[in-house]
Amino acid sequence: MSTLAALVEKDVRAGLGEGFDIGGDDVHVLVAVDIDGAERGAIAWEAVAVHTREFAGLEPTGATLKVTGMTIVEDVGSGETGAKFWRVIDWAGVYSQLGVMLNGRSLVPEINR
């Protein structure tokens, strides 16, 4: 596994760890692109996670989910402590797999007429 992929795997586990358990081999790098050699890179990834703890107010369901996302890393050469991460997770896909519908409308307590 490349340094970039190893850094991103740790970042994915940290980002999903709050409500989910991820097995030892359950983070998969789909596409890895080095930008500027060892300085920057981007990885598309997917993880298999089990909903085992409370997450966003939802009690554990035990559901196994496929979570996808992308992480951009800068300063890869400086290792785990110096690298900077920008992680995007498909949270709509996570909620959908947990049976939650998102409608995109904000709640309005009162409409003035």
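Because the structure is a prediction, the values reported are computed rather than measured.

Novice: How would you summarise the environment of histidine 51 if you had to cite specific residues and measurements?
Specialist: When you line up the elements, histidine 51 lands in strand S2 (residues 40-51). Distance in space between the C-alpha atoms of histidine 51 and aspartate 21 is 6.7 Å, their sequence separation being 30 residues. With near-sequence residues (within four places) excluded, histidine 51 lies in contact with Gly19, Phe20, Leu58, Glu59, Pro60, Thr61, Gly62, Ala63 and Leu98. A polar atom in the side chain of histidine 51 sits 3.0 Å from the backbone oxygen of arginine 53. At 3.0 Å, the side chain of histidine 51 and the side chain of threonine 61 are in polar contact.

Novice: Break down the nonpolar core for me, citing the residues and quoting the values.
Specialist: Core analysis: the largest hydrophobic core is formed by 22 residues, its most contacted members being Val8, Val12, Leu16, Phe20, Trp45, Val67 and Val94. Secondary-structure elements contributing two or more residues to this core are helix H1 (3-16), strand S1 (20-35), S2, strand S3 (64-74) and helix H3 (91-97). Looking at this core element by element, the count peaks at 6 residues for H1. Once residues lying within four places of it in the same chain are set aside, the contact partners of tryptophan 45 are Val8, Val12, His28, Leu30, Val67, Thr68, Gly69, Met70, Thr71, Arg87, Val88 and Ile89.

Novice: Explain the environment of valine 100 to me, and be specific about the residues and the numbers.
Specialist: Mapped onto the fold, valine 100 is located in the segment after H3. Along the sequence, valine 100 and leucine 58 sit 42 residues apart, while their C-alpha atoms lie 9.5 Å from each other. The residues touching valine 100, leaving out its near neighbours within four places in the chain, are Leu58 and Tyr95.

Novice: Please provide a residue-by-residue account of the packing of aromatic side chains, values included.
Specialist: All chains considered together, the criterion is met by 3 aromatic pairs. Ring geometry for phenylalanine 20 against phenylalanine 55: centres 4.9 Å apart, planes inclined by 55 degrees, an arrangement best described as tilted. With phenylalanine 20 in strand S1 and phenylalanine 55 in the loop between S2 and S3, the pair connects residues that are 35 residues apart, well separated along the chain. We note that phenylalanine 20, like phenylalanine 55, is buried. An angle of 35 degrees between the planes, with centres 5.7 Å apart, marks the rings of phenylalanine 55 and tyrosine 95 as tilted. With a gap of 40 residues between them, phenylalanine 55 in the loop between S2 and S3 and tyrosine 95 in helix H3 connect regions that are remote in the sequence. For phenylalanine 55, a relative accessible area of 6% translates into the label buried. Each member of the aromatic cluster is reached from another via a ring pair, and the members are Phe20, Phe55, Trp91 and Tyr95.

Novice: Which residues make up H1, and what are the values?
Specialist: An ideal rise of 1.5 Å per residue puts 20 Å on 14 residues; H1 measures up with 20 Å between its terminal C-alpha atoms. Looking only at H1, the buried set comprises Leu4, Ala5, Leu7, Val8, Glu9, Asp11, Val12 and Leu16.

Novice: Can you lay out a nonpolar patch on the surface for me, pointing to particular residues and giving the numbers?
Specialist: Taken together, the side chains of Met70, Ile72, Trp86 and Val88 make up a nonpolar region of the molecular surface, amounting to roughly 400 Å² of accessible area. For the nonpolar patch, the elements supplying multiple residues, two or more each, are S3 and strand S4 (84-89). Structurally, tryptophan 86 is set in strand S4.

Cut-off values and rules
Residues numbered from 1 in each chain as written. Predicted model: local features only at pLDDT ≥ 70, side-chain atom pairs only at ≥ 80, totals over all residues. Heavy atoms only, no water. Helix = DSSP H or I, 4+ residues; strand = E, 2+ residues; numbered from the N terminus. Contact = heavy atoms within 4.5 Å. Polar contact = N/O pair within 3.5 Å; in protein donor to acceptor, adjacent residues only side chain to side chain. Core = buried A, V, L, I, M, F, W, Y, C linked by side-chain atoms within 4.5 Å. Buried < 20%, exposed > 50% of the residue type's maximum accessible area, 1.4 Å probe, protein only. Phe/Tyr/Trp six-rings, centres within 6.5 Å; stacked < 30°, edge-to-face > 60°. Expected span 1.5 Å × (residues − 1). Patch = residues over 30% accessible without salt bridge, like charges linked within 9 Å, V, L, I, M, F, W, Y side chains within 5 Å. Areas by Shrake-Rupley, 256 points an atom, 1.4 Å probe, with all protein chains shown as cover. Salt bridge = Lys/Arg side-chain N within 4 Å of Asp/Glu carboxyl O.

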